[in-house]
Amino acid sequence: MKVENYVTLEFLSRSTNEAFARTAAAAFAAQLDPTLDEVGDIRTAVSEAVTNAIVHAYPDKLGKIVMKLRILELTVRDWGRGIDNVQQARQPLFTTGGEERSGMGFTIMESFMDKLTVKSTPGKGTVVSMRKRIVPRLSGRR
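Now for a description of the structure that goes with this document.

Another aspect to go through is the overall build of the protein. Counting its regular elements, the protein contains four helices and five strands. N-terminal to C-terminal, the α/β element order of the protein is β-α-α-β-β-α-α-β-β. Against the compact-globule benchmark of 14 Å for 142 residues, the protein has a radius of gyration of 15 Å, which places it among compact chains. Across the 142 residues in the protein, those meeting the buried criterion constitute 42%. The contacts in the protein between residues at least 6 apart in sequence include a share of 63% that link residues at least 24 apart. When the accessible surface of the protein is totalled, it reaches about 8500 Å², and 51% of it is carbon and sulfur. Each charge class in the protein can be summarised by its mean position, and for the 21 positive and 16 negative side chains these summaries are 7 Å apart.

With that settled, consider the nonpolar core. Core analysis: the biggest nonpolar cluster contains 33 residues, and Val46, Met67 and Met130 have the highest contact counts within it. A total of eight residues in this core trace back to one element, the largest contributor, which is helix 2 (residues 36-57). Every residue in contact with Met130, bar those within four places of it in the chain, is listed here: Ala45, Val46, Ala49, Leu72, Glu73, Leu74, Val76, Met109, Met113, Lys115 and Leu116.

Criteria and thresholds
- Residues numbered from 1 in each chain as written.
- Predicted model: local features only at pLDDT ≥ 70, side-chain atom pairs only at ≥ 80, totals over all residues.
- Heavy atoms only, no water.
- Helix = DSSP H or I, 4+ residues; strand = E, 2+ residues; numbered from the N terminus.
- Rg over C-alpha atoms; globule rule 2.2 N^0.38 Å.
- Buried < 20%, exposed > 50% of the residue type's maximum accessible area, 1.4 Å probe, protein only.
- Contact = heavy atoms within 4.5 Å.
- Areas by Shrake-Rupley, 256 points an atom, 1.4 Å probe, with all protein chains shown as cover.
- Lys, Arg positive; Asp, Glu negative; His and termini not counted.
- Charge placed at Lys NZ, Arg CZ, Asp CG, Glu CD.
- Core = buried A, V, L, I, M, F, W, Y, C linked by side-chain atoms within 4.5 Å.

The structure is reproduced here in structure tokens:
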């Protein structure tokens, strides 16, 4: 029998919850004894994923965001308006968030993680899954 080691966090799409999400992800990853650079990568990618959900999924209202943290995999899910064209949305500088947005969210997530998948259904929401391999250090870890 395989035992999954994961935590699920549910929170509202308030901008103040972005800091909560990235800190929770870093704390969860800490059990793997990551380097400071790896923790920074995880925090940055989660920050982008959660900010995208806040800004794009629920531009005019509060909504639910769920973050599932599993060893080496982080998933951010919303039930907002979804993405019409995921391939286009993943292109650098593309945004639906207005002039104040840079359009670099998915590019940033992809650059800090080893694998990024995005699944979205218009009108039903988006799931962003990110994986990062934490390289064991020579510290006597198990």
